Amino acid sequence: MYVAVKGGEKAIDAAHAWLAEERRGDTSVAELSVEQIRQQLALAVNRVMAEGSLYDPDLAALAIKQARGDLIEAIFLIRAYRTTLPRLGASTPVETAQMAVCRRISATFKDLPGGQILGPTFDYTHRLLDFKLAAEGEVPAAPTAPASLAAVPHVTAMLNRDGLIQTEAEGNATPPDLTREPMELPTSRPLRLQAITRGDEGFILSMAYSTQRGYGRTHAFVGELRIGTVAVEMDIPELGFSVEIGEVELTECETVNQFKGSKTEPPQFTRGYGLVFGQTERKAIAMSLVDRALRWKELGEDNTGAPAQDEEFVLMHADNIQATGFLEHIKLPHYVDFQAELELVRKLRREALAHGEAAE
Amino acid sequence: MSILAKMKMQPLLSVRDLSKFYGGRIGCADVGFDLYPGEVLGVVGESGSGKSTLLSCLAGHLAPDRGEVIFDTQEGPRDTVQMAEAARRRLARTDWAYVHQNPRDGLRMGVSAGGNVGERLMAVGARHYGQIRGAAVDWLGRVEIAADRVDDRPSAFSGGMQQRLQIARNLVTGPRLVFMDEPTGGLDVSVQARLLDLLRGLVREMGLSAIIVTHDLAVVRLLADRLMVMKGGYVVEQGLTDQVLDDPQHAYTQLLVSSVLQV
Amino acid sequence: MTDQTAYNFAYLDEQTKRMIRRAILKGVAIPGYQVPFASREMPMPYGWGTGGVQVTAACLVPEDRLKVIDQGADDTTNAVSIRRFFQRTAGVAVTEATAEATVIQTRHRIPETPLTEGQILVYQVPIPEPLRFLEPRETETRKMHELEDYGLMHVKLYEDISRHGQIATAYDYPVKVEGRYVMDPSPIPKFDNPKLGGNAAIQLFGAGREQRIYALPPYTQAISLDFDDYPFTASKADHACDLCGAPDSYLDEVITDDQGSRMFVCSDTDFCASRRAAGHVGPMGAPSAGAAEE
C-alpha cells in the first residue's frame, strides 16, 4: 500500500548534522582556526572579499571555513551577509596614486619613477611541489630594506602628459550601485566595471584569454600593476572635512592598448582598467582586458562578434552566485513539469505510431 | 499615370538634402527626390558611390547627419529621421519592407518557409493556423517555390530560392514601400533573370513603390521607372530610366552605360 | 558576529521591502509587465526561490498565515526550507491548508482549491521572459514587449503545429494578459493555466536572479496563446487519483516497482488529504482513519 513519502524536515536536519561532521573531519586532527585561514590562505580570503563585494578578511576567512573551502559557497555566505548590512554612507574615491605599494611592475618600460618592485609574487617560482611545506617548519626571515617614500606616479599619467594615451573622463557624479538598482542594458562603464570586479575570476579570466587568442582584437600591454594599501576616507558633513576610516589592500591594473583607425582622432593608446580587493592579480589583469574589449563601441571600433565584446553575454553570466544558483537549481524537484512533458511525448508518439499504422 | 494626375498626388516619400559623413569622407551628400505611389526608383553606381549608404539612411538603418525623409504615413506626412525608434520599427513592420542582398540577413534560418512567410501576418494579428499556412503556401506559389517545401528550413534552399522566400516574407502583408539592396547580387544569370521577371510582375500587380539599389544596369532597365546615378556620394544624374540610359548626359553615366557588355 | 535575532521582520530591511513593494505596485498597475527590481542576495541560492522569497518577505505582516508548496506538496525539501526560513525570520503562523492561508508561496503549481479574495499567491519564477528562448538578447525582448511585437511567439507555435501537429509546450505556457502583454506564468503545467485568469486572489511573480517582478491583480484576463483552429487545451494524465479518486486534479506519476508499475496521485497534497479526510477513496487508497468508507 503506497504511502506518500514524508519526512522532508527530518531529512534536512540529518543532512545538516552530517555536513557539520564532515566539515570538522577527523577530530584527532587539529581544527582549523579562522585566524589560520586569514593568515595562511590569504589569497583565498582575497578572492572571497573581491567577489563577495565586502572587505572584511576575518569574515571572509570564517566563510571559507564554514564553506569547507568551496570558495563560491564562501562568496555566497559573504554576499548574503552583505545584504543585511546597513548603509552608513559612501567614501570618497580612493587615491591609488597615493598607494603604499608592496608590489609594482610595468611591462611597458624597463625602468620608471617608483621603480619595478617585485613584491611577494609567485611569478618566478619554479612550480615544484615543496614537500618541506608538508613538514611545517619555521620560515627564515626575508631580507628587508627601508621603505622608499618616493612618489609612485601612474605610468598612464606620464603617457597622458604627451597626449599619447586617451584621457579618461573625470567627474564628480556618484556612480550607480548595481547591488541597489537592477542592471539595465545597455549599461555604462562604471556599472560594467562593478559587475566584472565582483564577477567570477575563472569566467573573467577565460573571457580575457579569448581576447588574446583572436576573439576581439586588443593587444594589451600591462602599463601598470600595483598592489598595496590605500586609505579610505569619508566626508563627515557635521565636521566639515573628511576622516580616514581605515585602509584596504587593493590590486590595480592599467593596460595600454593600441588604437587603430579612428574616424576623427589621430592614433592614440587606449586603456583598460582593473581594480580588485586584496592581492588578486590575475583577476585585475583579466578585468582590464575585458573592460577594454567591452569599450569597442565608445572607441569607434568594429564589433567582430567576439563573446568578450558582447556586453549582455559577459555581464549576464559573470556573477557566479547567480550562475551556481541557477545551475544547481536543476537538482530541485521538477517532476510536475516533467510529468507534463511525459504526457506530451506519450501523446505525440501514440499519434505518430497510429499515423504510421494507418499509412501501412 | 498621367503627369497631371501625379502632380495632384502626395508623394509617398520625399527626400531632401540627405547627407551622411564618415569623418572627412562623404557617404552620401545632398540627395533629394520624390517618390510617388506605384513608382520604382533605381539607384545605380559603382562600389563606393554611396548608394548603399543612401538606402540605409532611407530605411532607417543608419542615422543621417543632415536632411529629411518624409514618408506619407497613415497619419499624414512624417519625417522618419525625427521619429522615435519605436515608431520607425512599427513602420518597418507594416508599411515598409526591406529585401537584403544576402537572403540570410532577411530570413529566420531556423524557422520553416511557412513560418517565415507567416510571421508578418501573425505579427499583425492573424490567428488561424490553417489560413496562415494557406496564405504562406499561396505566396510560395507566387514566388515559384513548390508548396511541398512549406515546412522546409531556408538552409535547405538554393540561393535563388532563399531570395524568393525573402521576397514573399516581405510582401505578404502588402507594404507600400519596398527597399531592395542588390536583390540579384550573388545569383547566377539565369536565376537573376527569373527573379527580375518575378519582381516586375509583383510590383505591377501590387502597385508597389520600390527603391532598388544595384550596380547592374539590366536590373534598372527592367524594373525601374526612374533612375538616379551616384558617384562619390553625389547624385550626378537622374531622370526616366530609358532617357538616362539611352541618352546619358553626365560623363560618368556615359561611362557606365558604355561599359556594359553587349552580349 | 551577527545574532540571528538581530534580523528585521522577514529578514529584509524596511528600505528593501519598500523598494520591492513599489515594484509590486507597478506590476499590479500594469498586469503582465515585467518590472525590474534590485534583487538582494538571500540566504538561499539564486534559482531556488529568492524572487518568491523577496516578494513574500515584502508582503508579510505578523498576522499572516503562510503556506509554502513546491510541486504542489508542502513537505518537499525546498518548501520545508523556505517555510522554516519565514518561521525563523518572521515568526508567522504556518499552515498546509490552502483555504486557511493568507499568503501562499508556490513553485510550479497553482493549488487545486480555488483561491479567494484577500489571498496572495506568490510564484517562484526562473526565467520571467517568455521570449527568452526565441531571442536571447534582453535589449531585443524589451523592445518587442514595448512594441507589442509578438510575431515571433506565434511563429514558435506555428512551427510546433507544422512539426508535431499540435502546440508542443507542456508547461511554462505563455499567456496574453488583458490583451496587451505576453507573460510567462512560471513553469506551472499548462493544466494550471485556466486558473490564472479571473482568479479572486492577487497573483505575484518574483524572479530573483533575473531581477523582475510582475503581477496579475484579481479578476484579470489571462488567455493562453493559441490559434483559432488549434485551441488551447488544459490537458493532464488520463487518470483519476489512485488515493482519493479525484478525476480532475493534476497528478504525479509514481513508479512503484521495477517492473514498471505505476500509480497516479494528486500533486496537491493538501487537496488530496482533504478529500481523503472527507471519505473519498481512490482505487489504490485505504480509507482514512476516522472517515466513512465510500
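Since the structure is predicted, the reported quantities are computational estimates derived from the model, not experimental observations.

Scanning chain A from terminus to terminus reveals 13 helices and 4 strands. When the backbone C-alpha atoms are referred to their principal axes, chain A occupies close to 85 × 65 × 55 Å. Here chain A holds 360 residues, and the buried ones make up 37% of them. The contacts of chain A with a sequence gap of at least 6 include a subset with a gap of at least 24, amounting to 65%.

Counting its secondary structure elements, chain B contains 11 helices and 10 strands. Against the globule reference of 18 Å for 263 residues, chain B gives a C-alpha radius of gyration of 18 Å, in line with a compact fold. Projected onto its principal axes, the C-alpha coordinates of chain B cover approximately 55 × 50 × 45 Å. A burial count over chain B gives 50% of its 263 residues as buried. Nonlocal contacts in chain B, meaning residues at least 24 apart in sequence, comprise 67% of its contacts between residues at least 6 apart. Summing over all exposed atoms, chain B offers an accessible surface of approximately 11600 Å²; the carbon and sulfur share of this is 51%. Between the averaged position of the 29 positive side-chain charges in chain B and that of its 30 negative side-chain charges there is a distance of 5 Å.

Note: strands within a sheet are paired through backbone hydrogen bonds, in either parallel or antiparallel orientation. Residue and element names in this part refer to chain A. Judged by pairing direction, the sheet is antiparallel, and its 4 strands sit side by side in the order 1-2-3-4 without closing on themselves. In this open sheet, the two edge strands, each paired with only one partner strand, are strand 1 (100–105) and strand 4 (270–277). Geometrically, the sheet is characterised by an average inter-axis angle of 25° between neighbouring strands, direction not taken into account. Set on the sheet, helix 10 (residues 281–293) makes contact with strand 1, strand 2 (220–236), strand 3 (241–257) and strand 4; between it and strand 4 the angle comes to about 145°.

Turning our eyes to something else, we now look at the confidence of the model for chain B. Model confidence for chain B is summarised by a mean pLDDT of 90, while 96% of its residues fall at 70 or above. Considering each helix and strand of chain B separately, the mean pLDDT is smallest for helix 1 (residues 3–8) of chain B, with a value of 59, and largest for helix 6 (residues 129–142) of chain B, with 95.

We now examine the packing of aromatic side chains. Enumeration according to the criterion identifies 14 aromatic pairs over all chains in this entry. Judged by centre distance (6.3 Å) and plane angle (35°), the rings of Tyr98 of chain B and Phe179 of chain B are tilted. One end of the pair, Tyr98 of chain B, is in strand 6 (residues 96–99); the other, Phe179 of chain B, is in strand 7 (residues 177–181), with 81 residues separating them in the sequence. Classification of Phe179 of chain B as buried rests on a relative accessible area of 1%. Seen in terms of ring centroids, Tyr129 of chain B and Tyr230 of chain C are 5.1 Å apart; in terms of plane orientation they differ by 80°. Their pairing is edge-to-face. Here Tyr230 of chain C lies in the loop between strand 10 (222–224) and strand 11 (251–255) and Tyr129 of chain B lies in helix 6, a pairing that spans two chains. Looking at Tyr230 of chain C, the relative accessible area reads 30%, which means it is partly exposed. A network of ring pairs unites the aromatic residues Phe71, Trp96, Tyr98 and Phe179 of chain B as a single cluster. Taking NZ or CZ as reference, Arg142 of chain B lies 4.2 Å from the ring centre of Trp139 of chain B, over its face. Across from the ring centre of Phe326 of chain A, 3.7 Å away, lies the NZ or CZ of Arg209 of chain C, which sits over that ring.

Membership of the largest hydrophobic core comes to 64 residues, with the highest contact counts inside it found for Val117, Trp139, Leu165 and Val178 of chain B together with Phe227 of chain C. Not counting chain neighbours up to four residues away, the residues in contact with Val117 of chain B comprise Ala136, Trp139, Leu140, Leu165, Ala168, Arg169 and Val172 of chain B.

Residue and element names in this part refer to chain A. With respect to the helices and strands, the residue Arg104 is situated in strand 1. Separated by 2.9 Å, the side chain of Arg104 and the backbone oxygen of Pro153 make a polar contact. Every residue in contact with Arg104, bar those within four places of it in the chain, is listed here: Leu112, Pro113, Gly114, Gly115, Gln116, Ile117, Val152, Pro153, Val155, Glu224, Leu225 and Arg226.

Moving on to the packing of helix 2 (residues 50–59) of chain C against helix 3 (residues 77–90) of chain C. Residue and element names in this part refer to chain C. Where helix 2 contacts helix 3, the axes come no closer than 12 Å and their chain directions differ by 30°. It follows that helix 2 is roughly parallel to helix 3 by the angle criterion. Relative to helix 3, helix 2 is oriented so that their crossing is right-handed. Mapping the contact onto sequence places Val53, Thr56 and Ala57 in helix 2 and Ile82, Phe85 and Phe86 in helix 3. Within the contact of helix 2 with helix 3, the residues separate by chemical class into 5 nonpolar, 1 polar and no charged.

The next point concerns the environment of Leu187 of chain B. All names here are of chain B. Note that Leu187 resides in the loop between strand 7 and helix 8 (189–206). Overall, Leu187 belongs to the buried group, its relative accessible area being 12%. Between the C-alpha atom of Leu187 and that of Gly160, which follows or precedes it by 27 residues, the distance is 6.4 Å. Ignoring anything within four residues of it in the chain, the contact list for Leu187 reads Gly159, Gly160, Gln163, Gln192 and Leu195.

Moving on, we get to the pairing of strand 2 (residues 25–35) of chain B. Residue and element names in this part refer to chain B. Direction of pairing for strand 1 (residues 13–22) relative to strand 2: antiparallel, over a ladder of 7 bridges. Along strand 2, the bridge assignment pairs Leu18 with Val31. Linking strand 1 back to strand 2 in an antiparallel pair, the connection comprises 2 residues, with Gly23 at a positive phi of about 65°.

A few words on the interface of chain C and chain A. Often the size quoted for an interface is simply the accessible area lost on bringing the parts together. On the chain A side, the residues contacting the 64 residues of chain C number 51 residues. In total, about 4800 Å² of surface goes out of reach between chain C and chain A, with carbon and sulfur atoms giving 57% of it. A per-residue breakdown of the area chain C buries against chain A is headed by Glu41, Trp48 and Arg84 of chain C, which together make up 13% of the total. At the boundary of chain C and chain A, one finds 5 salt bridges. Glu253 of chain C is paired through a salt bridge with Arg346 of chain A; the nearest N and O atoms lie 2.9 Å apart. Applying the counting criterion to the chain C and chain A interface returns 23 residue pairs in polar contact (both at pLDDT 80 or more).

Residue and element names in this part refer to chain A. A grouping of Glu95, Glu233, Asp235, Glu244 and Glu247 is seen on the molecular surface, where their side chains present a negatively charged patch. Of all elements in the fold, only strand 2 and strand 3 reach the threshold of two or more residues within the negative patch. Along the chain, Glu233 falls in strand 2. With a relative accessible area of 31%, Glu233 lands in the partly exposed category.

With that settled, consider a positive patch on the surface. All names here are of chain C. Together, Arg18, Arg21, Arg22 and Lys26 line one region of the surface with positive charge. Note that Lys26 resides in helix 1 (residues 14–29). Lys26 sits in the exposed class, given a relative accessible area of 53%.

Cysteine pairs can be covalently joined through their sulfur atoms, and such a bond is termed a disulfide. Using the criterion set out here, one finds 0 disulfides over all chains in the structure. Considering cysteine sulfurs only, Cys102 of chain A is the nearest to Cys253 of chain A, which forms no disulfide, with 15 Å between them.

Next up on the list: the pattern of salt bridges. Residue and element names in this part refer to chain A. All told, the structure shown has 65 salt bridges over all chains when counted by the stated rule. Residue Asp58 is joined to Arg38 by a salt bridge in which the shortest nitrogen-to-oxygen separation is 3.2 Å. Residue Asp58 is found in helix 4 (residues 57–66), and its partner Arg38 is found in helix 2 (residues 34–40); the two are separated by 20 residues along the sequence. Taking relative accessible area as the criterion, Arg38 reaches 30% and is therefore assigned partly exposed. Taking the shortest distance from any N to any O, the salt bridge between Arg189 and Asp291 comes out at 2.6 Å. One end of the pair, Arg189, is in helix 8 (residues 189–197); the other, Asp291, is in helix 10, and 102 residues separate them in sequence. For the pair formed by Arg189 and Asp291, the shared burial category is buried. Where salt bridges share partners, they join Glu168, Arg189, Arg192, Asp291, Arg295, Glu298 and Glu311 into one cluster.

About the thresholds
- Residues numbered from 1 in each chain as written.
- Chains lettered and ligands numbered in written order.
- Predicted model: local features only at pLDDT ≥ 70, side-chain atom pairs only at ≥ 80, totals over all residues.
- Heavy atoms only, no water.
- Helix = DSSP H or I, 4+ residues; strand = E, 2+ residues; numbered from the N terminus.
- Buried < 20%, exposed > 50% of the residue type's maximum accessible area, 1.4 Å probe, protein only.
- Contact = heavy atoms within 4.5 Å.
- Rg over C-alpha atoms; globule rule 2.2 N^0.38 Å.
- Areas by Shrake-Rupley, 256 points an atom, 1.4 Å probe, with all protein chains shown as cover.
- Lys, Arg positive; Asp, Glu negative; His and termini not counted.
- Charge placed at Lys NZ, Arg CZ, Asp CG, Glu CD.
- Pairing = 2+ DSSP bridges.
- Axes fitted to C-alpha atoms, helices over the stretch in contact; angles between N-to-C directions.
- pLDDT = per-residue confidence, 0-100.
- Phe/Tyr/Trp six-rings, centres within 6.5 Å; stacked < 30°, edge-to-face > 60°.
- Lys NZ or Arg CZ within 6 Å of the ring centre and 35° of its normal.
- Core = buried A, V, L, I, M, F, W, Y, C linked by side-chain atoms within 4.5 Å.
- Polar contact = N/O pair within 3.5 Å; in protein donor to acceptor, adjacent residues only side chain to side chain.
- Parallel < 35°, antiparallel > 145°, perpendicular 65-115°, else oblique.
- Left-handed = near helix turned anticlockwise from the far one by under 90°.
- Nonpolar A, V, L, I, M, F, W, Y, C, P; charged D, E, K, R; others polar.
- Buried area = accessible area lost by both parts, 1.4 Å probe.
- Salt bridge = Lys/Arg side-chain N within 4 Å of Asp/Glu carboxyl O.
- Patch = residues over 30% accessible without salt bridge, like charges linked within 9 Å, V, L, I, M, F, W, Y side chains within 5 Å.
- Disulfide = S-S within 2.5 Å.

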